[in-house]
Amino acid sequence: KFDPSINVVTYFTDIEADLLNQEMKNCNTKRRAVIRRLIQNEYKTVKFADKKFVLNKRDAEIYYNYYGQQPDAIIPIIIDKANFEDGSNMHTAYSKLRLLFVGGDFWPNVAGIRWFVESVIPKISSPCELTIVGLGMEKYRDELESKSSCVHVVGTVDDLKPYFVNSDLFVAPIKDGGGMKVKTAEALSYGKTFIGMEESLIGYWEFVPQELKGDGVIQCIDESEMANCIDSYYGKTFSRCRKDIKDFIDALCGYEENLERFKKLF
């Protein structure tokens, strides 16, 4: 308004109008009023920003459907490359499976982990334990732990690395949301065997090498398929931190690998 010569570049981590319309289906009247204002804010952002970029093709399509224009660039989520020792940290066949969920107190995460605890865990026949880590998730400790003796809610932590390194399988039962899931990239950067729903792999799945699909990075369609997939790893000896999985995500989401895209945009 005061200096139109200043260029404004906007990074859409999701398309808020779409995500908020999803949330509006299950929120109270006060929150609906807030959501309407947030959607107005995004409309103004689109109107006045000089350059806009999104995370993936799906968000580019949603952006176009709402705003009638194409974003200026598609650049995936960028993460630091994790450091870990590969090969020595193993899950031994027929030992209890250590499952990990990471996600903060945000409604798609809460809905997803509730569904997993209520619908997937009862179908898992192998001995397992689920650790839930994420900002503010201790708020749900009593609720979630009361549903299954194998659920352990840690909640907020200072350092995620020990949880990533020492878990056997990363589970991502996310069925709602937008953008790209940061924790998907973080889990894969530690070489975790990843078992998720379609939403958790948006922006990733189309780039997963064929040899990793179904063996290292698995996309499930329902609770039975997710439970069966988890059970299939019980009798296997495998690395908890696989280099081939890490190499894939580093190539897709590494800073250096995407620097030229940022240079071109700016």
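See above for the structure.
The structure reproduced in this document is the subject of the present report. Position numbers for residues start from 1 in each chain and track the written sequence from start to end. Owing to the predicted nature of the model, reporting of local features is limited to residues with pLDDT of at least 70; listing and counting of side-chain atom pairs is limited to 80 or more, with chain, interface and lining totals taken over all residues. No hydrogens and no water enter the side-chain calculation; it runs on all heavy atoms of the structure.

## Looking at the packing of aromatic side chains
Pairing of aromatic rings covers Phe, Tyr and the six-membered ring of Trp, with a centre-to-centre limit of 6.5 Å; geometry is then stacked below 30 degrees between planes, edge-to-face above 60, and tilted otherwise. For the coordinates displayed, the defined rule picks out 11 aromatic pairs. Between Tyr66 and Tyr67 the ring centres are 6.2 Å apart and the planes differ by 40°, which places this aromatic pair in the tilted class. Three labels apply to residues, based on accessible area from a 1.4 Å probe with only protein chains included: buried if under 20% of the type maximum, exposed if over 50%, partly exposed otherwise in between. On the accessibility criterion, Tyr66 (36% relative accessible area) is partly exposed.

## Let's talk about the sheet that holds strand β8 (residues 169-172)
The sheet built from 6 strands is open, its strands ordered β7-β6-β5-β8-β9-β10 with parallel pairing. In this open sheet, the two strands that pair with only one neighbour each are β7 (151-155) and β10 (217-220). Averaged over all adjacent pairs, the angle separating strand axes in this sheet is 25°, with direction ignored. Pairing between strands requires that DSSP locate at least two bridges from one strand to the other. A run of DSSP states H or I qualifies as a helix once it reaches four residues; a run of E qualifies as a strand once it reaches two. Both are numbered from the N-terminal end. Where strand β9 (residues 193-197) lies against β10, 4 bridges are found, and the strand directions are parallel. Along β10, the bridge assignment pairs Phe194 with Val217. Residues count as neighbours in contact if any of their non-hydrogen atoms are within 4.5 Å of one another. Helix axes are fitted to C-alpha atoms over the stretch in contact, other axes to C-alpha atoms as well, and angles between N-to-C directions run from 0 to 180 degrees. Helix α7 (residues 182-189) rests against β5 (97-102), β8, β9 and β10 of the sheet, and its axis sits at about 160° to β9.

## Quick look at the state of the cysteines
Disulfides are defined as pairs of cysteine sulfur atoms found within 2.5 Å of each other. Counting across every chain of the model gives 0 disulfides. Not engaged in a disulfide, the cysteine Cys150 finds its nearest cysteine sulfur in Cys128; these two sulfurs lie 4.3 Å apart. No disulfide involves Cys220; its sulfur sits 4.9 Å from that of Cys229, the nearest cysteine. Judged by relative accessible area, Cys220 falls into the buried class, the value being 2%.

## What to know about the pattern of salt bridges
Here, a salt bridge means any side-chain nitrogen of Lys or Arg that lies within 4 Å of a carboxyl oxygen of Asp or Glu. Per the stated rule, a full pass over the model turns up 16 salt bridges. Measuring nitrogen to oxygen at the nearest pair gives 3.8 Å for the salt bridge that ties Arg58 to Asp59. Judged by its relative accessible area of 1%, Asp59 falls in the buried class. Through salt bridges with shared partners, one network takes in Arg58, Asp59, Lys181 and Glu199.

## Section: the nonpolar core
Within this scheme, the nonpolar core is defined by two criteria: the residues are buried Ala, Val, Leu, Ile, Met, Phe, Trp, Tyr or Cys, and they are joined through side-chain atoms within 4.5 Å. One finds Phe116, Leu130 and Ile230 to be the most contacted residues of the largest nonpolar core, which totals 33 residues. Of all the secondary structure elements, the ones that give two or more residues to this core are β5, α4 (107-120), β6 (128-133), β7, β8, β9, β10 and α8 (223-232). For this core, the element with the highest residue contribution is α4, accounting for 6 residues. Core analysis: the second largest hydrophobic core is formed by 30 residues, Ile77, Val133, Ala187 and Tyr190 among them.

## What to know about helix α9 (residues 243-253)
All of the buried residues along α9 are Ile245, Lys246, Phe248, Ile249, Asp250, Leu252 and Cys253. Those residues of α9 that are buried are in contact with α7, β9 and α10 (255-265).

## Thoughts on helix α3 (residues 57-67)
Since the α-helix advances by 3.6 residues per turn, residues separated by three or four positions end up pointing in the same direction. Taken together, the buried positions of α3 are Asp59, Ala60, Ile62, Tyr63 and Tyr67. Seen from one end, α3 has its buried residues packed into an arc of 165°, which puts them on one side. Those residues of α3 that are exposed and angled more than 90 degrees off the buried face are Lys57, Glu61 and Asn65. Looking at the buried positions of α3, the neighbouring elements they touch are α1 (16-24), α2 (29-48), β2 (51-54) and β3 (73-74). The backbone nitrogen of Arg58 lies 3.2 Å from a side-chain oxygen of the residue at the head of α3, namely Asn56. Positive backbone phi, approximately 65°, marks Gly68, located one or two places after α3. As used here, the arc belongs to the directions running from the helix axis to the C-beta atoms. Within 3.5 Å is the distance limit for a polar contact, defined as a pair of N or O atoms, with the added protein rule that one can donate a hydrogen and the other accept it, and that residues adjacent in sequence qualify only through two side-chain atoms.

## With respect to the sheet that holds strand β1 (residues 9-11)
The strands making up a sheet associate through backbone hydrogen bonding, with each pair oriented either parallel or antiparallel. Strands sit in the order β1-β2-β3 across an open sheet of 3 strands; the sheet is parallel. Looking at the sheet topology across the chains shown, the edges are occupied by β1 and β3. Relative to β2, β1 is paired through 3 bridges, and the arrangement is parallel. The partner of Val9 across the bridge, within β2, is Lys51.

## Considerations on the packing of α1 against α2
Across the interface, α1 lies against α2 with an axial gap of 9 Å and an inter-helix angle of 170°. Judged by the inter-axis angle, α1 sits roughly antiparallel to α2. Where α1 abuts α2, its residues Glu16, Ala17, Leu20, Asn21, Glu23 and Met24 lie against Arg31, Arg32, Ile35, Arg36, Leu38, Ile39 and Glu42. Tallied by class, residues from the contact of α1 with α2 come to 6 nonpolar, 1 polar and 6 charged. Orientation categories follow fixed angle ranges, with anything under 35 degrees roughly parallel, anything over 145 roughly antiparallel, 65 to 115 roughly perpendicular, and all other angles oblique. In this count, Pro and Cys sit with the nonpolar residues alongside Ala, Val, Leu, Ile, Met, Phe, Trp and Tyr, while Asp, Glu, Lys and Arg are called charged and the others, Gly among them, polar.

## Here's the deal with the packing of α9 against α10
Helix-helix packing is characterised by the crossing angle of the two axes and by the distance between the axes. Running from N to C, α9 and α10 point in directions that differ by 20°, and their axes come no closer than 5 Å. With respect to their mutual orientation, α9 and α10 come out roughly parallel. The segment α9 lies against α10, with Asp250, Ala251, Leu252 and Cys253 engaging Tyr255, Glu257 and Asn258. A per-class count over the contact of α9 with α10 returns 4 nonpolar, 1 polar and 2 charged.

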